[in-house]
Amino acid sequence: ELRATQDVCLRGPSHSVAAAQTRTGDASVVAAGVLPNPSIVASHQETLTGVTDRETIVGLSVPIGVGGRYFLLQDAAQARSEQATATASATLLDAGLDFRVAYAKAVLDQARLETRIKHQETLDQLSAIIEGREKSGEASGYDLSRQQMQARLHHLQVQTAQGEAQASRTRLDGWLSEPLELAKPDPTTLGNFGAPQPLDVSSATPRIRSLRAEARASTIEGRAARRRWVPDIQVSAGYRGVGIGSSTGHGISLGLTVPLTFFDHGQGEAAVADAAQATAEAEAERVLREQDAVLRAARSRLAALEQAVVEAEVATVEAGELEMSVQRLYRAGEVTITELLEALQNVETARLSKFELAEELVRARLAVMRASGTMFNETLDRACGVAGKAR
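Residues numbered from 1 in each chain as written. Predicted model: local features only at pLDDT ≥ 70, side-chain atom pairs only at ≥ 80, totals over all residues. Heavy atoms only, no water.

**Describing the overall build of the chain**
Next, step 1: What the chain contains, in helices and strands, is eight helices and four strands.
Next, step 2: Counting from the amino terminus, the chain carries its helices and strands in the arrangement α-α-β-β-α-α-α-β-β-α-α-α.
Next, step 3: Counting only C-alpha atoms, the chain reaches 140 × 40 × 35 Å along its principal axes.
Next, step 4: Put simply, the chain has 391 residues, and 40% of those count as buried.
Next, step 5: Summed over all atoms, the accessible surface of the chain reaches about 21100 Å², with 56% contributed by carbon and sulfur. (Helix = DSSP H or I, 4+ residues; strand = E, 2+ residues; numbered from the N terminus. Buried < 20%, exposed > 50% of the residue type's maximum accessible area, 1.4 Å probe, protein only. Areas by Shrake-Rupley, 256 points an atom, 1.4 Å probe, with all protein chains shown as cover.)

**So, the packing of aromatic side chains**
Next, step 1: Within the structure shown, the criterion is met by three aromatic pairs.
Next, step 2: For the pair tyrosine 70 and phenylalanine 71, a centre-to-centre distance of 5.3 Å together with 80° between the ring planes defines the contact as edge-to-face.
Next, step 3: Relative accessible area serves as the criterion here: at 27%, tyrosine 70 is assigned to the partly exposed category.
Next, step 4: Between the aromatic rings of phenylalanine 99 and tyrosine 103, the centroid separation amounts to 6.2 Å while the plane-to-plane angle is 40°, which identifies the pairing as tilted. Placement of the pair is phenylalanine 99 and tyrosine 103 together in helix α3 (residues 69–135), with a separation of four residues, close to one helical turn.
Next, step 5: Residue phenylalanine 99 is classed as buried on the basis of its relative accessible area, which comes to 0%.
Next, step 6: A relative accessible area of 3% means that tyrosine 103 is categorised as buried. (Phe/Tyr/Trp six-rings, centres within 6.5 Å; stacked < 30°, edge-to-face > 60°.)

**Examining the nonpolar core**
Next, step 1: If you look at the biggest cluster of nonpolar residues, it comprises 42 residues, and the most contacted ones within it are Phe99, Tyr103, Leu172, Leu190, Val368, Met369 and Met375.
Next, step 2: Taken together, the elements giving at least two residues each to this core come down to α1 (2–11), α3, α6 (267–331), α7 (337–372) and α8 (378–383).
Next, step 3: Counting residues per element, this core draws most heavily on α3, which supplies twelve residues.
Next, step 4: Those residues in contact with tyrosine 103, other than ones at most four positions away along the chain, are Glu1, Leu172, Leu180, Leu182, Ala183 and Leu190.
Next, step 5: Ile129, Ile130, Val326 and Leu341 belong to the second-largest nonpolar core, a separate cluster that totals 14 residues. (Core = buried A, V, L, I, M, F, W, Y, C linked by side-chain atoms within 4.5 Å. Contact = heavy atoms within 4.5 Å.)

**Looking at the state of the cysteines**
Next, step 1: Counting across every chain of the model gives one disulfide.
Next, step 2: One disulfide bridge connects cysteine 9 with cysteine 384, the sulfur atoms lying 1.9 Å from each other. Across the S-S bond of cysteine 9 and cysteine 384 the torsion is about 80°, and the bridge reads as right-handed. Highlighted residues: cysteine 9 in helix α1 and cysteine 384 in the segment after α8, separated in sequence by 375 residues.
Next, step 3: By relative accessible area, which is 0% here, cysteine 9 ends up buried. (Disulfide = S-S within 2.5 Å.)

**Observations concerning the environment of leucine 341**
Next, step 1: Structurally, leucine 341 is set in helix α7.
Next, step 2: Discounting chain neighbours no more than four positions away, the residues touching leucine 341 are Leu123, Leu126, Arg146 and Gln150.

**Let's talk about the side chain of threonine 5**
Next, step 1: With respect to the helices and strands, the residue threonine 5 is situated in helix α1.
Next, step 2: Within the local environment of threonine 5, its side chain forms a polar contact with the backbone oxygen of glutamate 1, the two atoms lying 2.7 Å apart.
Next, step 3: Setting aside anything within four residues of it in sequence, one finds threonine 5 in contact with Gly96, Phe99, Arg100, Met375, Leu380 and Cys384. (Polar contact = N/O pair within 3.5 Å; in protein donor to acceptor, adjacent residues only side chain to side chain.)

**Re the pairing of strand β4 (residues 247–257)**
Next, step 1: Bridging between strand β3 (residues 233–244) and β4 involves eleven bridges; their strand directions are antiparallel. The residue bridging alanine 237 from the neighbouring strand is leucine 254, located in β4.
Next, step 2: Following β3, the chain reverses through two residues before pairing antiparallel with β4; glycine 245 in that reversal takes a positive phi of roughly 65°. (Pairing = 2+ DSSP bridges.)

**As for the environment of aspartate 381**
Next, step 1: Counting through the fold element by element, aspartate 381 comes out in helix α8.
Next, step 2: Taking the C-alpha atoms as reference points, aspartate 381 and threonine 189, separated by 192 residues in sequence, lie 19 Å from one another.
Next, step 3: Within polar-contact distance, the side chain of aspartate 381 engages the side chain of threonine 374 at 2.5 Å.

**Topic: the pattern of salt bridges**
Next, step 1: Summed over all chains, the structure comprises 27 salt bridges.
Next, step 2: One salt bridge in this structure joins aspartate 109 and arginine 112, with 2.5 Å as the shortest N-O distance. Taken together, the positions of aspartate 109 and arginine 112, both in helix α3 and three residues apart, correspond to about one turn of that helix. No difference in accessibility class separates aspartate 109 from arginine 112, as the two residues are buried.
Next, step 3: Among the salt bridges present, the one from arginine 296 reaches aspartate 292, with a minimum N-O distance of 2.9 Å. One end of the pair is arginine 296 and the other is aspartate 292, both in helix α6 and four residues apart, which spans about a single turn.
Next, step 4: Via salt bridges that share partners, Lys105, Asp109, Arg112, Glu356, Glu359 and Arg363 belong to a single interconnected network. (Salt bridge = Lys/Arg side-chain N within 4 Å of Asp/Glu carboxyl O.)

So, in structure tokens, the structure goes:
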């Protein structure tokens, strides 16, 4: 399970998505660091009638930001890069946890199928026991009919379980580049923690880090927008040639362009940035509360589920003993076919309950991981981007 999860994070489809998300943040930093282009200024004026008069100017115009917006936008881009990195980490963490859910589902569905197949074999073998009683002179026609009907009905359940197991396996294979051979571990170890887990919500989960980085970026972008009160000037300098008649004078041309910020002084951009900042902070608070609720619920379930799984294990052992005991009693004529079939059905239910509880236990464990923003395993956290950038 752990090796396959690591492979999903390092080479699965979500890895490409996370890498692209990280590159988006890097691109923001590159874009914010680009300086504005200078402009070539060229003009020529000449009279066509009267006194010959001409003027030629060739120079360069350079925009100069004096309001400090350039450096603020660089800081905002760095925050956007942190946001993209955290978003990529959340993508990989979700992918790893979703895969572990799919893996547990496939393993448990296969275990359920094997349990039903074993029960089907037990039902089929009852015909030999019933026929043995008939040879002893007992009227067992009714018992044989009940057994055959029960076997046919249960065979339908086996077919349904086969379909579910095959579907779970197909979904699991969709995560991987090559088919995975399912292990047969103790179902209660699925989705287990790699280390003792802290049972409190960390505000540094990838999702919350992403939202808070977004809020910081929007705050800085709002400050940069308000700096547009201070206009970005343009300074130009170049060669100036002035001619009158046959005489030509040479000199320099200096120019200064100052926009007037009477109408648009960044108030629109600032309003949009402030709204984005407020939305990101509110969303971060909502996610934090949700994670806290999920973690508390999962914590309260874990203890009960772990105890229930232990009890289910005991019930499974007792079910095996009951199966052998009830068959001996039926051979001895001390129980009816109805009591026999009911007892065997209870045996199967006891065995299946272990897998039902194991699936709930897996979901509770993975819910703790998702709410805490870590798999409590250094290798998996590093592979799934929690411990660093996705590249």
